[in-house]
Amino acid sequence: MIERQLQPLLHELVGVVLAPTSALGDATGQIRPTGVHGVFHADARVLSRAELRVDDQELEGLTRGADSPHGARFVGLARWLGDPTPDPTVRVDRLRRATRDGLTEELRIVSTATVAVRATVSVDLGCDLAPIEVVKSGRAATPLEARTGQPGVLTWSAGGISVTVTAPGADVLAADERAAAPRLAWPIDLPPGGGTVLRWQVTVEDPRAVVVGPAGEPEWARPEVTADDRRIVRLLDRSLDDLRGLRLAETGRPGDVFLGAGVPWFLTLFGRDSLWAARMMLPLGTDLAAGTLRVLARRQGTRVDPSTGEAPGKILHELRRHEVALPENGLRLPPAYYGTVDATMLWVNLLHDAWRWGLPAEQIEPLLPHLEAALRWLGEHADPDGDGLVEYVDTTGHGLSNQGWKDSGDAVRFRDGSLATAPIVLAEVQGYAHEAAVNGAALLDAFGRPGGDRWRDHAATLARRFRESFWVDGRYGPQPALALDRDKRPVDSLTSNIGHLLGTGLLTVEEEAQVARLLTTDTLAGGFGLRTMSTDDAGFSPLSYHCGSIWTHDTAIVLAGLARSGHREGALGLAEGLLAAAEAFDYRMPELHGGDDRVLLDRPVPYPAACRPQAWAAAGAVLLLQAATGLYPDVPGGTVRLTPLAGPELGALTVTNLRVADNAVRVEVDRTGEATVTGLPTRLTPTPPVPTQRHPTTPSLPR
């Protein structure tokens, strides 16, 4: 039998994060020398082991929970100590908190025994400084030997990274065989009913890191929410705590904050993820969007370089400290990698939407040359064969074979399960491109720059080509294909990708209604959210990364599109699936979960390698909140629309401290769905809401 190197599982691990630091351990608090356990800092595992024992025995785990936005508390028992009664009398609380440059732990030992308690508390440590891609691939790394010096201090160093553990009052055992597995030990002597607190911490110095943790408080407002459905409140609270921990900045540029994609694999700058997350967060202010736009603008492509995927005007996909090599799947990505087909359009759309929410002109104007460069990329590089559609292909043989958000190698499948061959023309990317052309034109017009008509014509041509090329016959009537393959054949599987077309302007009202009907079939919407692929398709698997699983951000984006376009019933169905999943995951939404049908289990099946927390999954809670309030401002246009999803089905909802043009806004929706808004800038005029749409029974659509 061939031994496989398998990616470590994550679903049962407990994480804490304050970027660029994160830690993962088991439910009892132990960080064991296995899998993806560890303390990570900016793409390196700085501790590979932190195992707590009392008298060389492991505690019996009792429970665990969040201790702070960036911490966790683990409660354990030492039942061999104290009184010999059925009730435990010696308890240990382990409080773990991430910091910007490391981690702290506090061990609180409390005795309620009637006798004195004597014991030795120890923590066994290890450090391998393994790069994150080595951990992700399941490959082993050799522990480094620790150095000792001052009392209670251990250090490791390699590759420019220095790791220091400080443990006041502890004996340090690091000689001989313990050099690579050092131990901190504290003898304790508790009187009857006594207690003590022990502390240790790890601090990291990493001058070569490409990302740092920014100082100060988050760039967004924290809304106050009351809701009949308390799940909305709990999900938002936990998500905002997680997003607070995912804030990052580039080294040397601490003022421009963005969101790192997720723990543990992607805690760095990802163009697509950071842009989507910032776009979802716009109801809480435009500062995060502005920082994200500026960070990516500074790294916008300037030349054609097939080895990195760079092209003039193109927006970055991923930033790392060094080349990322994953031999098991042939990937070798450079430190600054541009292999994304959609980030450039998403950058344009974020700039436009931030403008609509009130981003000041003085922050937009310096970005206009980058807008024009992004549009030139769309016109000159995104369509190499000149057929009017945006496509991608990895020409290096060691980059991402798929470059949309579904970027796994098997993500683009025909209905019969066969794989499409690149170049690939993705459906949702055409929607993003159409939206970017229209939005870019609006910005150019508003700021007195030429070219608006050119990009409106570009959008019209794209819409015509999409209508001619993508619509196919499906089980539920006409449907947009997932993609076109190398030979321009429609990839005819039914997938969630089509939901991203809603609101992009690429579809007519009738076409949007048919897409909404497709999205609400049980084959896509029968799980805890929106499946990435229909259960009717041969490639469907509920635990496939992109062919049947349910992604939180995907569900939120499509839910918001349905709500915005007036397809209330479909949006409410996805909202209920998302909230039910949130309850099952303790309101810390994972990157994705299984696409099993809701009638099979009363809770979603975890996807075992999902990142958690992840930025666009957490930010999906804000997008759900916006859909619930129905607040859609157009500050430069002087209007605001209020079309709430809350009301009879979702319940009443009140939200204060939403942000429109930096004004604190309050939205209140009663149980009938009647909505009121206060605090808007006086120059904004309410407009009539979009009426609820009904799905056509016999749609007249392209064939």
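Residues numbered from 1 in each chain as written. Predicted model: local features only at pLDDT ≥ 70, side-chain atom pairs only at ≥ 80, totals over all residues. Heavy atoms only, no water.

Draft legend 1. How the structure looks around the overall build of the protein chain. A count of helical and extended segments in the protein chain gives 14 helices and 37 strands. Relative to its length of 703 residues, the protein chain is compact, with a C-alpha radius of gyration of 26 Å against a globular reference of 27 Å. Projected onto its principal axes, the C-alpha coordinates of the protein chain cover approximately 80 × 55 × 55 Å. With 703 residues in all, the protein chain has 60% of them scored as buried. The contacts of the protein chain with a sequence gap of at least 6 include a subset with a gap of at least 24, amounting to 65%. Only carbon and sulfur atoms are counted for the fraction: they give 49% of the accessible area of the protein chain, which is about 26,100 Å². (Helix = DSSP H or I, 4+ residues; strand = E, 2+ residues; numbered from the N terminus. Rg over C-alpha atoms; globule rule 2.2 N^0.38 Å. Buried < 20%, exposed > 50% of the residue type's maximum accessible area, 1.4 Å probe, protein only. Contact = heavy atoms within 4.5 Å. Areas by Shrake-Rupley, 256 points an atom, 1.4 Å probe, with all protein chains shown as cover.)

Draft legend 2. View of the packing of aromatic side chains. One pass over the full model with this rule turns up eight aromatic pairs. Their ring planes at 70° and their centres at 6.1 Å tell us that Trp-276 and Tyr-432 sit as a pair that is edge-to-face. A residue pair is termed long-range when its members are at least 10 positions apart, and Trp-276 in helix H3 (residues 271-280) and Tyr-432 in helix H8 (residues 427-446) qualify at 156 residues. The residues Trp-276 and Tyr-432 share a single accessibility class, namely buried. (Phe/Tyr/Trp six-rings, centres within 6.5 Å; stacked < 30°, edge-to-face > 60°.)

Draft legend 3. Representation of the pattern of salt bridges within the structure. For the coordinates displayed, the defined rule picks out 64 salt bridges. Its salt-bridge partner being Arg-475, residue Asp-536 comes within 2.7 Å of it at the nearest N-O pair. Here Asp-536 is found in the loop between helix H11 (522-525) and strand S30 (550-551), whereas its partner Arg-475 is found in the loop between strand S26 (471-474) and strand S27 (477-480), with 61 residues between them in sequence. As a salt-bridge pair, Arg-489 and Asp-485 come within 2.8 Å of each other at their nearest N and O atoms. Residue classification places Asp-485 among the buried positions, given a relative accessible area of 2%. (Salt bridge = Lys/Arg side-chain N within 4 Å of Asp/Glu carboxyl O.)

Draft legend 4. Broad picture of the sheet that holds strand S18 (residues 224-227). Strand order in this open sheet of four strands is S18-S34-S35-S36, and the pairing throughout is antiparallel. Of all the strands in the sheet, just S18 and strand S36 (675-678) have a single pairing partner and so form its edges. Within this sheet the neighbouring strands show an average axis-to-axis angle of 20°, counted without direction. (Pairing = 2+ DSSP bridges. Axes fitted to C-alpha atoms, helices over the stretch in contact; angles between N-to-C directions.)

Draft legend 5. Quick look at the nonpolar core. Ranked by size, the top nonpolar core spans 162 residues in total, and within it Trp-347 and Val-412 carry the most contacts. With residues near it in sequence (within four places) discarded, Trp-347 still touches Leu-275, Leu-293, Leu-296, Ala-297, Ile-315, Leu-367, His-370 and Leu-371. Core analysis: the next-biggest nonpolar cluster, separate from the first, contains 48 residues, Val-92, Ala-119, Cys-127 and Leu-190 among them. (Core = buried A, V, L, I, M, F, W, Y, C linked by side-chain atoms within 4.5 Å.)

Draft legend 6. Summary view of the sheet that holds strand S10 (residues 117-126). The strand order S5-S10-S15-S14 describes an open sheet built from four strands, whose pairing is antiparallel. Only two strands of the sheet have a single neighbouring strand rather than two, namely strand S5 (49-54) and strand S14 (171-173). The sheet shows a mean angle of 20° between the axes of neighbouring strands, direction not considered. In this sheet, S10 lies alongside S5 in antiparallel orientation, the contact comprising six bridges. The residue of S10 that forms the bridge with Glu-51 is Asp-124.

Draft legend 7. Representation of helix H5 (residues 343-357). Here H5 contains 15 residues, and its C-alpha end-to-end distance of 20 Å stays within 8% of the 21 Å for a straight helix at 1.5 Å per residue. With 14 of its 15 residues buried, H5 lies for the most part within the structure. Count one or two residues on from H5 and you reach Gly-358, which has phi positive near 115°. (Expected span 1.5 Å × (residues − 1).)

Draft legend 8. Structural view of the side chain of Ser-549. Mapped onto the fold, Ser-549 is located in the loop between H11 and S30. Only 3.3 Å separates the side chain of Ser-549 from the side chain of Trp-551, close enough to count as a polar contact. In contact with Ser-549, other than residues within four places in its own chain, are Leu-530, Arg-531, Thr-532, Ser-541, Pro-542, Ser-544, Leu-592, His-593, Gly-594 and Gly-595. (Polar contact = N/O pair within 3.5 Å; in protein donor to acceptor, adjacent residues only side chain to side chain.)

Draft legend 9. Local environment of the pairing of strand S9 (residues 102-111). Across the ten residues of S9, seven count as buried, placing the element largely inside the fold. As paired strands, strand S8 (residues 90-99) and S9 are joined by ten bridges and run antiparallel to one another. Following the sheet pairing, Val-90 is matched in S9 by Ser-111. Connecting S8 to the next strand, S9, in antiparallel fashion are two residues. Summarising the sheet, S9 and strand S16 (residues 195-205) pair through nine bridges and their orientation is antiparallel. Its bridge partner lying in S16, Leu-107 is registered against Leu-198.

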